[in-house]
Amino acid sequence: MDAVFRLDGAKDGVASETSPVIRHRAFRRGHSGLVELWPPVKPAEAADPPAWAPPVEREAADSPSARLAAVIADTIRDWTQRGESLESRGRPIQPGDVMVLVRRRTAFVTELVRALKDRAVPVAGVDRMVLTEQLAVMDLMALCEFLLLPEDDLTLATVLKGPLIGLTEDQLFDLAHGRRGTLWRALVAKAEDDPAYRPARRYLGAQLARTDFLAPYELFAGLLAAPCPADPDGSGRRALLKRLGPDAQDPLDEFLAVCLAFEKTEPPSLQNFLAWLAASEAEIKRELEQGGGRVRIMTVHGSKGLQAPIVFLPDTLGTPTQSPPILWPDEGCAVPLFAARRSQEDALCAEARARANRRRDQEYRRLLYVALTRAEDRLYVCGYQGRKEPSDACWYKLVEAAMGEIGVPHPFDFSALCPDGWSGEGWRLADPQTAVPKPDGAGAGRVLTAQEAPPWLTAAAPEEPEPSRPLTPSRPDGDEPAMRSPLGEDDGARFKRGLLIHRLMQTLPDLPPDAREAAARRYLARPGHELTAERQDEIASETMRVLTDPRFARLFGPNSRAEVEVVGLVTGRALSGRVDRLVIEDDAVWIVDYKTNRPPPVRAEDVPPVYVRQMEAYRAALRAIYPDKAVRCVLLWTDTPALMELPE
């Protein structure tokens, strides 16, 4: 780097007048280092086709940037597969050790990400993306625009041809040509007769039914997780990736993250979300300070303050050529200058433009200084060019001039590594490892490559720990016993009577004995109950018969409580229930539970097992609370009414 900025064409803007010579002193003495200047990628010579040859064969267009991206991706994959050693760390190279720096986010970035993913090299993706310009996101937005307005024929046609449904051109033409009404109505009618259109009809109909009831994140997450007509055995995400390639993975993940962020601040409606997303022109900026075991691709400007063991500089043959349209002269003239054409510029404009161009070129060289100082162990300088020869002021030429002084000529042949490779003469500068390596711990654990599935992916799901849900005795796990229909000949009178008796049994014991019957008759006489006088008298008499029976007086005495919550652990399961009535005496605890079965059993042996288990759970919980008292369980059948004690 010192050799680069000793050049007269490189030091302007980097070296200061007080320190014209840039000199660095390495603090990692004895550690290996490597700088390689690869030969540039030039356009391949295309053979002229024969005269009058018909254009019937598809010929792949040559792209120097795509060829360079393929070689870089193959190089990184070769390192990780061979276990190439990073000598200063004493471990193999990992994808997270590599950082690729570019001047601008051009098509090369997309090509490199695609090349790395095609070769299963973990890559963190680009550091910035405009979400609404990603094809996968545009497909999801088109589907949701149809869900909001099914009469939009053009949007529906886009969805039908899209990766989620995948109709062919002929199928879409047969559906749309000669139709009457909207395309959606034509699809509904066509699906009745043609099985080829039924998956699309069912899929879109199911999504229409869900649209008004789901927030954006739930809707989109469901679309990506559920099967679709284009991939009935997979998922919507897999269908998008099959059509659009692995580049669609990052936009889909970022899109779901944007959905969650939207729901935190806005009403979660689909119409509001689409309008918000379109107006925001959301640009996702991801922080790539830590590689996370993946290759990082970012701009030189965004890499300030970061370093990596291995750095690639693939964008080195271009130079900035654009001048500012508005020129600002010296302080003596406060008026901005504008010349529509260079031929119309006067001397003042030309002088101002020269100063602006110099400041632009100085910033260009300062970015080169930043780029060269990001590498800790290895630096690879490479580039691609068009038909036009690069400028002598470009980064590549500056590094080449410096390597000519301190480097060694080295032949490179990438054709054996990559089918798109090339060969040529470059430069190499290397220092051996003489110091003891300093392990950083990055290679201590096992590194999973993209080809290796993590163990949890194929492992069976563990059993859910108990309790999977609280044990609620009033909502038993078994089947409830059959009951007499409330819509029988009595028009539900028995069912209503059971509920009223239950309510009276709960509240009347809290009143003085001489006030209970009057309170019961006032309650039953309420117009909302719609009871005849005869029915009121019958229910009141039967309820009072139970409350005044001396055999059960203790159950409704001052030591009793209604609707008592019971929480505890029973045979390792959490119990959460409510006892209809609980009586606590000196020597016993009584549990009373109301049942509305019609007709009720006559003998305790005929009680449904589900009720027996319910009372057993209550008894076990109460015994844990009162270990020195007997726990007695009683069922109150409200249809008769009658009380039945369950034996031990």
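The coordinates are above.
Conventions used here
Residues numbered from 1 in each chain as written. Predicted model: local features only at pLDDT ≥ 70, side-chain atom pairs only at ≥ 80, totals over all residues. Heavy atoms only, no water. Helix = DSSP H or I, 4+ residues; strand = E, 2+ residues; numbered from the N terminus. Buried < 20%, exposed > 50% of the residue type's maximum accessible area, 1.4 Å probe, protein only. Contact = heavy atoms within 4.5 Å. Areas by Shrake-Rupley, 256 points an atom, 1.4 Å probe, with all protein chains shown as cover. Axes fitted to C-alpha atoms, helices over the stretch in contact; angles between N-to-C directions. Left-handed = near helix turned anticlockwise from the far one by under 90°. Nonpolar A, V, L, I, M, F, W, Y, C, P; charged D, E, K, R; others polar. Pairing = 2+ DSSP bridges. 1 Å grid on protein atoms, 1.4 Å probe; cavity = no way out; pocket = protein on both sides within 12 Å on 5 of 7 lines; lining within 4 Å. Points joined across faces, edges and corners; volume = space filled by probe spheres on them. Expected span 1.5 Å × (residues − 1). Salt bridge = Lys/Arg side-chain N within 4 Å of Asp/Glu carboxyl O. Core = buried A, V, L, I, M, F, W, Y, C linked by side-chain atoms within 4.5 Å. Phe/Tyr/Trp six-rings, centres within 6.5 Å; stacked < 30°, edge-to-face > 60°. Lys NZ or Arg CZ within 6 Å of the ring centre and 35° of its normal.

Let's talk about the overall build of the protein
No. 1: What the protein contains, in helices and strands, is 19 helices and 16 strands.
No. 2: With 648 residues in all, the protein has 43% of them scored as buried.
No. 3: Within the protein, counting contacts between residues at least 6 apart in sequence, those at least 24 apart form 70% of the total.
No. 4: Here the protein has roughly 35,900 Å² of accessible surface; of this, 52% comes from carbon and sulfur atoms.

With respect to the packing of helix 4 (residues 135-148) against helix 9 (residues 216-225)
No. 1: Axis separation between helix 4 and helix 9 bottoms out at 12 Å; the angle between their running directions is 115 degrees. The element helix 4 and its partner helix 9 pack so that their crossing is right-handed. Residues Leu140, Leu143, Cys144 and Leu147 of helix 4 form the contact with helix 9, whose participating residues are Leu219, Phe220, Leu223 and Leu224.
No. 2: For the contact of helix 4 with helix 9, the class distribution of residues is eight nonpolar, no polar and no charged.

Brief notes about unusual backbone geometry
No. 1: Phi at alanine 120 is positive, roughly 60 degrees, even though this residue is not glycine.
No. 2: By the secondary structure assignment, alanine 120 is in the loop between helix 3 (107-118) and strand 5 (128-130).
No. 3: Phi at glutamate 563 takes a positive value of approximately 50 degrees, unusual for a residue other than glycine.
No. 4: By the secondary structure assignment, glutamate 563 is in strand 12 (residues 560-570).

As for the sheet that holds strand 11 (residues 423-431)
Working definition: the strands of a sheet are paired by backbone hydrogen bonds and lie parallel or antiparallel to each other.
No. 1: Here we have seven strands laid out as an open sheet, ordered 7-4-8-9-1-11-10, and mixed in their pairing. Looking at which strands have only one partner, the edges of the open sheet turn out to be strand 7 (296-299) and strand 10 (408-413). Across the sheet, the mean angle from the axis of one strand to that of its neighbour is 25 degrees, orientation sign disregarded.
No. 2: Here strand 4 (residues 98-102) runs beside strand 7; their pairing, made up of four bridges, is parallel.

Quick word on the sheet that holds strand 13 (residues 573-584)
No. 1: Spatially, five strands are ordered 12-13-14-15-16 in an open sheet, and the strand pairing comes out mixed. The sheet is open, and its two borders are formed by strand 12 and strand 16 (642-646), each paired with just one other strand. Going from strand to strand, the sheet's axes swing by 40 degrees on average, the running direction of each strand aside.
No. 2: Where strand 13 meets strand 14 (residues 588-595), four bridges bridge the pair, whose relative direction is antiparallel. Bridge pairing links arginine 581 to valine 592 in strand 14.
No. 3: Contacts from helix 19 (residues 609-625) reach strand 12, strand 13, strand 14, strand 15 (630-637) and strand 16 within the one sheet, and its direction differs from that of strand 14 by about 150 degrees.

A few points about empty space enclosed by the protein
No. 1: If you walk through the whole model with that rule in mind, you get one cavity of 30 Å³ or more.
No. 2: As for the largest cavity, its lining consists of Asp139, Ala142, Leu143, Thr158, Val159, Gly162, Pro163 and Leu164.
No. 3: Looking at the lining of the largest cavity, the elements with two or more residues in it are helix 4 and helix 5 (153-161).
No. 4: Among the elements that make up the lining of the largest cavity, the one with the highest residue count is helix 4 (three residues).
No. 5: Grouping the amino acids of the lining of the largest cavity by side-chain chemistry returns five nonpolar, two polar and one charged.

A few points about the environment of methionine 403
No. 1: Topologically, methionine 403 is positioned in helix 14 (residues 395-406).
No. 2: Once the C-alpha coordinates of methionine 403 and tryptophan 427 are considered, the two residues, 24 residues apart in sequence, prove to be 6.5 Å apart.

Describing the pairing of strand 9 (residues 375-381)
No. 1: In terms of burial, strand 9 is a largely internal element, five of the seven residues being buried.
No. 2: With four bridges connecting them, strand 1 (residues 33-37) and strand 9 associate as parallel partners. Note on strand 9: the bridge partner recorded for leucine 37 is valine 381.
No. 3: Pairing geometry for strand 8 (residues 308-313) and strand 9, over five bridges, is parallel. Paired with valine 311 across the bridge in strand 9 is leucine 379.

Focus on helix 4
No. 1: Look at helix 4: 20 Å from first C-alpha to last across 14 residues, which is about the 20 Å you get at 1.5 Å a residue.
No. 2: All buried positions along helix 4 are accounted for by Ala136, Val137, Asp139, Leu140, Met141, Ala142, Leu143, Cys144, Phe146 and Leu147.

Brief notes about the pattern of salt bridges
No. 1: Taken as a whole and assessed by the stated rule, the structure comprises 27 salt bridges.
No. 2: Note that arginine 119 is salt-bridged to aspartate 74, the shortest N-O span being 2.6 Å. Placement of the pair is arginine 119 in the loop between helix 3 and strand 5 and aspartate 74 in helix 2 (residues 64-82), with a sequence separation of 45 residues.
No. 3: Take arginine 119: its relative accessible area is 17%, and that puts it in the buried class.
No. 4: Here aspartate 74 falls in the buried class, since its relative accessible area comes to 3%.
No. 5: The closest approach of N and O atoms between glutamate 645 and arginine 632, which form a salt bridge, is 2.7 Å. Of the two residues, glutamate 645 is situated in strand 16 and arginine 632 in strand 15; the sequence distance between them amounts to 13 residues.
No. 6: By relative accessible area, which is 36% here, glutamate 645 ends up partly exposed.

Considering the nonpolar core
No. 1: Grouped together as the largest cluster of nonpolar side chains are 47 residues, with contacts concentrated most on Leu160, Leu204, Phe220, Phe255 and Phe273.
No. 2: The element that contributes the greatest number of residues to this core is helix 4, accounting for nine residues.
No. 3: Among the nonpolar cores identified, the runner-up in size contains 34 residues, and Trp79, Phe108, Leu112 and Leu116 belong to it.

Some words on the packing of aromatic side chains
No. 1: Overall, the coordinates contain 18 aromatic pairs when judged by the stated rule.
No. 2: Residues phenylalanine 220 and phenylalanine 255 carry aromatic rings whose centres are separated by 4.7 Å and whose planes lie at 80 degrees to one another, so their mutual orientation is edge-to-face. In this pair, phenylalanine 220 sits in helix 9 while phenylalanine 255 sits in helix 11 (residues 249-265), placing the two residues 35 residues apart along the sequence. A single burial state applies to phenylalanine 220 and to phenylalanine 255, both of which are buried.
No. 3: Ring plane angle 45 degrees and centroid distance 5.1 Å describe the contact between phenylalanine 262 and tryptophan 276, whose orientation is recorded as tilted. Of the two residues, phenylalanine 262 is situated in helix 11 and tryptophan 276 in helix 12 (residues 270-280); the sequence distance between them amounts to 14 residues.
No. 4: Judged by relative accessible area, which is 0%, phenylalanine 262 ranks as buried.
No. 5: Taken together, the aromatic side chains of Trp38, Trp79, Phe312, Tyr380, Phe412, Phe414 and Trp422 make up a single cluster linked through ring pairs.
No. 6: In this arrangement the basic side chain of arginine 378 is found over the ring face of tryptophan 79, its NZ or CZ atom lying 5.6 Å from the centre.

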